[in-house]
Amino acid sequence: MNTENYDVIVIGGGPIGLATAYHLGMRKAKTLVLEQFTFVNQLGSSAGVSRQFRIPYPQEYMVQMALDAQPYWDALEKETDTALLDKVGTLWFGDPAVHSTEGNIAEAEQALKELGVPYTTLTAKEIEEKYHFKNLPETYTGLFQADGASINFKATNETLLNLCKKEETVQLEENSPVLKINQLGELFELTTPNGIYIAKKIVIIPGPYINSVVNLLDFKIEATYWNMSSAYFKKTDPNIQYPTWFVFQNPVGENGNQFYGFPSVDWDHPEYIRVAPDFVINPLEEPSDRTLIPNPQELGYTSDWVKEHMTGLNTEPEYTSTCLIALSKIANKELLIDFAPSYVPNHKNIVLYATGWAAKFTPFLGKIMSDLALDGYTDFDITPFQLGYKYFKAI
């Protein structure tokens, strides 16, 4: 096998890996992207076509990150003829006392207020009148933030892939899982089925498959894995439209509790509204356990919720999908952005991103990861996303 040398090797060719490579290419760093499957695949956390861009979060630092991401989306959209964001607004509503994986409505309002982000508060009746929901408990409240959008995520992925192809210093290799990582002094030697590559720096961004790579460096990240379901409900009223939305509520009996949804968009079953459960009944032990078949019980709860609380839709889905996601087991650590643990040789030249829902930050994360790799620091404060090495587990 031939051995080639690079400034940086990016492990993982999903949207964040490609965004990182694009930013590395703009700085003329000789870069290799190694993707274990094919590019723009449906086997990881970038599966599916649409994602939500939103600014509401219960933590100020997350709100700030969403604000900081906006100009990077604007810049990326200028590089393509395809609109990447369909700005329809973000609606959060439900029981104001409920705390979920997405946060809490009151805390999100406070964070938005602290950072001067405009939003509108809503009663249950106003939510029903303005946004086509029905039969909401009178105690429900809500907030609407106008900058929320539906992300054309397939087009985002394809745009980043095409931009990387245009960068003279970026090389792309698919069907190239990393099988071995050797330390050669201050260099890294990576072995794949297609060749052996040497780099000064490595950036590890393989989505939910993070441990298949970091295990080669003798540590792991504590995560749980979800095979998330999603369903598309045909509109009975062709003129009806929804914003991106999320409902906070406690479960009724054995039914599921949290749900979220998208508007109909031209690029993703245009006559349909996508609704999904934000819970998983049976988490996976390992990413290899994922399936392309949604959990029927999760879909059943979703159909029940649509029938009870949404207007203008059929109540049985006609299309379904799944998405594999890894979630950190460390409280309040949705996204993990850090260098490798200090006991790993050459750890300051190993940058990693792992876990959480991060599609909304894709182009901005590319900038952050590329700066960490080339400069050893980023101007964006990543302190809330660093684990502290005691949370990494040596193996």
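To start, this report covers the structure provided alongside it. If you're wondering where the values come from, they're calculated on a predicted model, not measured in any experiment.

## Topic: unusual backbone geometry
Point 1. Residues other than glycine seldom take positive phi values, yet Asn-135 does so here, at roughly 55°.
Point 2. In this structure, Asn-135 sits in the loop between helix H4 (124-131) and strand S7 (141-145).
Point 3. On the basis of relative accessible area, Asn-135 is assigned to the partly exposed category, the value being 46%.
Point 4. At Asp-218, a position not held by glycine, the phi torsion is positive, near 70°.
Point 5. Within the secondary structure layout, Asp-218 lies in the loop between helix H6 (210-214) and strand S13 (219-220).

## Side note on the packing of helix H1 (residues 15-26) against helix H5 (residues 153-166)
Point 1. Viewed as axis vectors pointing N to C, H1 and H5 meet at an angle of 35°, and their least axial separation amounts to 9 Å. H1 and H5 meet at a crossing whose hand is left-handed. Of the residues in H5, those touching H1 at Pro-15, Leu-18, Ala-19, Ala-21 and Tyr-22 are Phe-153, Asn-157, Leu-160, Leu-161, Leu-163 and Cys-164.
Point 2. Residues belonging to the contact of H1 with H5 are distributed by class as follows: 10 nonpolar, 1 polar and no charged.

## Here we look at the nonpolar core
Point 1. The biggest cluster of nonpolar side chains holds 69 residues, and the ones touching the most others in it are Met-65, Ile-337, Tyr-353, Phe-361, Leu-365 and Ile-368.
Point 2. Here this core gets 7 residues from one element, more than from any other, and that element is helix H2 (residues 60-77).
Point 3. Setting aside chain neighbours within four positions, we find Ile-368 in contact with Met-65, Ile-337, Thr-378, Phe-380 and Ile-382.
Point 4. If you look at the next biggest cluster of nonpolar residues, it comprises 27 residues, including Tyr-6, Leu-32, Ile-221 and Leu-336.

## Focus on H2
Point 1. In this model H2 runs 26 Å from its N-terminal to its C-terminal C-alpha over 18 residues, within 8% of the 26 Å that 1.5 Å per residue would give.
Point 2. Along H2, the sharpest change in direction is near 25° and occurs at Gln-70; proline Pro-71 comes one to four residues later.
Point 3. Among all positions of H2, only Met-62, Val-63, Met-65, Ala-66, Ala-69, Trp-73 and Leu-76 are buried.

## Side note on the pattern of salt bridges
Point 1. Here the structure, examined in full by the defined rule, presents 8 salt bridges.
Point 2. Ionic pairing is found between Asp-7 and Lys-200, a salt bridge with its closest N-O pair at 3.6 Å. Pair noted here: Asp-7 is in strand S1 (residues 3-11) and Lys-200 is in strand S12 (residues 195-204), with a separation of 193 residues, a long-range link.
Point 3. We note a salt bridge from Lys-367 to Asp-371, for which the minimum N-O separation is 3.2 Å. Placement of the pair is Lys-367 and Asp-371 together in helix H8 (residues 362-375), with a separation of 4 residues, close to one helical turn.

## Some details on the packing of aromatic side chains
Point 1. Under the criterion given, the structure shown has 24 aromatic pairs.
Point 2. Through a chain of ring-to-ring contacts, three or more aromatic side chains come together here, namely Phe-93, Phe-133, Tyr-242, Trp-245, Phe-259, Phe-279, Tyr-301 and Trp-305.
Point 3. The lysine or arginine in question, Arg-54, covers the ring of Tyr-57, its NZ or CZ lying 3.9 Å from the ring centre.

## Here's the deal with the pairing of strand S2 (residues 31-34)
Consecutive residues of a regular strand have side chains that alternate between opposite faces of the sheet.
Point 1. Here S2 shows a buried face lined by Thr-31 and Val-33 and a second buried face lined by Leu-32 and Leu-34.
Point 2. The pairing of S1 with S2 spans 4 bridges and is classified as parallel. Looking at the pairing, Ile-11 lines up with Leu-34 of S2.
Point 3. Taken together, S1, H1 and S2 form a β-α-β motif whose crossover is right-handed.

## Observations concerning the sheet that holds S7
Point 1. Strand order in the open sheet made by the 8 strands is S6-S7-S5-S15-S16-S17-S14-S18, with mixed pairing throughout. Two strands close off the open sheet at either side, each with one partner strand: strand S6 (120-123) and strand S18 (319-328). Pairs of neighbouring strands in the sheet enclose a mean axial angle of 20°, with direction left out of account.
Point 2. As paired strands, strand S5 (residues 90-94) and S7 are joined by 5 bridges and run antiparallel to one another. In the sheet register, Phe-93 faces S7, and the bridge partner there is Gly-142.
Point 3. Each of S5, strand S14 (223-234), strand S15 (244-248), strand S16 (259-261), strand S17 (272-277) and S18 is contacted by helix H7 (residues 296-309), which is oriented at about 45° to S14, the strand it contacts most.

Procedures and definitions
- Residues numbered from 1 in each chain as written.
- Predicted model: local features only at pLDDT ≥ 70, side-chain atom pairs only at ≥ 80, totals over all residues.
- Heavy atoms only, no water.
- Helix = DSSP H or I, 4+ residues; strand = E, 2+ residues; numbered from the N terminus.
- Buried < 20%, exposed > 50% of the residue type's maximum accessible area, 1.4 Å probe, protein only.
- Axes fitted to C-alpha atoms, helices over the stretch in contact; angles between N-to-C directions.
- Left-handed = near helix turned anticlockwise from the far one by under 90°.
- Contact = heavy atoms within 4.5 Å.
- Nonpolar A, V, L, I, M, F, W, Y, C, P; charged D, E, K, R; others polar.
- Core = buried A, V, L, I, M, F, W, Y, C linked by side-chain atoms within 4.5 Å.
- Expected span 1.5 Å × (residues − 1).
- Bend = angle between axes of the 7 residues up to and from the residue.
- Salt bridge = Lys/Arg side-chain N within 4 Å of Asp/Glu carboxyl O.
- Phe/Tyr/Trp six-rings, centres within 6.5 Å; stacked < 30°, edge-to-face > 60°.
- Lys NZ or Arg CZ within 6 Å of the ring centre and 35° of its normal.
- Pairing = 2+ DSSP bridges.
- Right-handed = clockwise from strand over helix to strand, strands pointing away.

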